[in-house]
Amino acid sequence: MSENRHGIDDLLTLMAVLRDPAQGCPWDLKQDWQSIVPHTLEEAYEVADAIERCAWDELPGELGDLLFQVVYYSQFADEEGRFDFHDVVDTLTAKMIRRHPHVFPDGTLASRRPPGVSAEEVETRQVNSRWESLKAAERAERADTEAGVSVLDDVPRTLPALSRAAKLSKRAARVGFDWPDATGVIAKIREELDEVEQALAEGDRRHAAEEVGDLLFAVTNLARTLKADPEQCLRDTNAKFERRFRHVERALAERGMTTRDVDLATMERHWQEAKRLEHNLSPISAEPPEPSSGGDRP
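On a predicted model such as this, the values are computed, not experimentally measured, just so you know.

Draft legend 1. Quick peek at helix α1 (residues 8-18). Within α1, the full set of buried residues consists of Leu11, Leu12 and Met15. Viewed end-on, α1 has its buried residues packed into an arc of 100°, placing them on one side of the element. Taken together, the buried residues of α1 touch α4 (59-79) and α5 (85-99).

Draft legend 2. A nonpolar patch on the surface, seen in detail. Residues Val151, Leu152, Val175 and Phe177 make up a contiguous nonpolar surface patch of roughly 400 Å² in combined accessible area. Along the chain, the position of Val151 falls in the loop between α6 (124-143) and α7 (161-174).

Draft legend 3. A look at the nonpolar core. By size, the foremost hydrophobic cluster in this structure holds nine residues: Leu11, Leu12, Met15, Ile36, Val71, Tyr72, Tyr73, Phe76 and Phe85. Among the elements that take part in this core, α4 stands out by supplying four residues, more than any other. The contacts of Phe85, once residues within four sequence positions are left out, are Ile8, Leu12, Leu67, Val70, Val71 and Ser74.

Draft legend 4. Broad picture of the packing of α1 against α4. Look at α1 against α4: their axes get within 10 Å of each other, and the N-to-C directions meet at 55°. In terms of orientation, α1 lies oblique with respect to α4. In the packing of α1 onto α4, the handedness of the crossing is right-handed. Across the interface between the two elements, Ile8, Leu11, Leu12, Leu14, Met15, Ala16 and Leu18 of α1 pack against Leu67, Phe68, Val71, Tyr72 and Gln75 of α4. Per-class residue counts for the contact of α1 with α4 are eleven nonpolar, one polar and no charged.

The rules behind these values
- For every chain, the first residue of its written sequence is number 1, and the numbers climb from 1 along that sequence.
- Given that this is a predicted model, residues contribute local features only at a pLDDT of at least 70 and side-chain atom pairs are listed and counted only at 80 or more, while totals for whole chains, interfaces and linings are drawn from all residues.
- To obtain the side-chain values, all non-hydrogen atoms of the structure were used and water was disregarded.
- For every residue, the accessible area obtained with a 1.4 Å probe (protein chains only) is divided by the maximum for its type, and the residue is called buried under 20%, exposed over 50%, and partly exposed between those limits.
- Secondary structure is summarised from DSSP: a helix means a run of H or I of at least four residues, a strand means a run of E of at least two, and numbering begins at the N terminus for each.
- Taking the helix axis as origin, the arc is that swept by the directions to the C-beta atoms.
- Whether two residues are in contact is decided by their heavy atoms: any pair within 4.5 Å suffices.
- Only residues whose relative accessible area exceeds 30% and that take part in no salt bridge are eligible for patches, with like-charged residues grouped when within 9 Å of each other and nonpolar side chains (Val, Leu, Ile, Met, Phe, Trp, Tyr) grouped when within 5 Å.
- Note on areas: these come from Shrake-Rupley sampling with a 1.4 Å probe, and a residue is covered only by the protein chains present in the view.
- Just to be clear on terms, a salt bridge is a Lys or Arg side-chain nitrogen sitting within 4 Å of an Asp or Glu carboxyl oxygen.
- Residues enter a nonpolar core if they are buried and are Ala, Val, Leu, Ile, Met, Phe, Trp, Tyr or Cys, with the set joined through side-chain atoms within 4.5 Å.
- The angle between two axes is taken between their N-to-C directions and runs from 0 to 180 degrees, where each axis is a line fitted to C-alpha atoms and a helix contributes only its stretch in contact.
- Roughly parallel means an angle under 35 degrees; roughly antiparallel, over 145; roughly perpendicular, 65 to 115; everything else is oblique.
- When the near helix sits turned anticlockwise from the far one by under a right angle, the crossing is termed left-handed; a clockwise turn instead gives a right-handed crossing.
- Classes in brief: Ala, Val, Leu, Ile, Met, Phe, Trp, Tyr, Cys and Pro nonpolar; Asp, Glu, Lys and Arg charged; the others, Gly included, polar.

Structure, rendered in structure tokens:
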């Protein structure tokens, strides 16, 4: 490991130079708050992708790219006299200390729980309750200056739709607007699916699309009741679909064919073969035997 490694001050200096009107980079000088947002979202996804692939050698670079986004926004704010990177660090640290009184009992970074009290002994439910109470108090403080404060405030509109749906429904559930168990959610899913089918039967594609949105929202609620992240559920299914479809393409290529050369039944046969191969490689498979043809992807 190099003894002359760069530190956070070097990164801040780098950004300041990149944005220097006389000596900076033309591309960086053109950027503003709005133009960087898509890059921030992309970098966050690349971090998630590296973790999901266990690409640990790539992760430092991806985390660095994400950190660079924070430095970028801080530089914009510094140039406008709003705040700087150190304000970001101070605000974050103070908030985390405030939200973890079970870890920092005196409200200072130096304070600790009494000796002999382990993390396992801290009641998780109490910790979560205290965390939510603190966040609610923070929202209430903003209510003094903001009209119409809602429990749905602070759910970013730029989140992926599935993640935002999960967060919106979770916020509503905290105040009792929720089904008592998963059975109610499943009934809602069936209701929404019926409405999709009715709209299609009536030839109203626009209404059908609206009902599909309702159906997706209901499915997202089911994932929440199972304590599953809907984005992760869908990412896993995306990966599974891609893995199996690539098997179909390889199987056809071995026979000198492509997907354009065969019918759906042939592709389905290779798809089922991919599923059987995966199940045979899995230590435990609780799924029932596969039907002989179509319709049950993924």
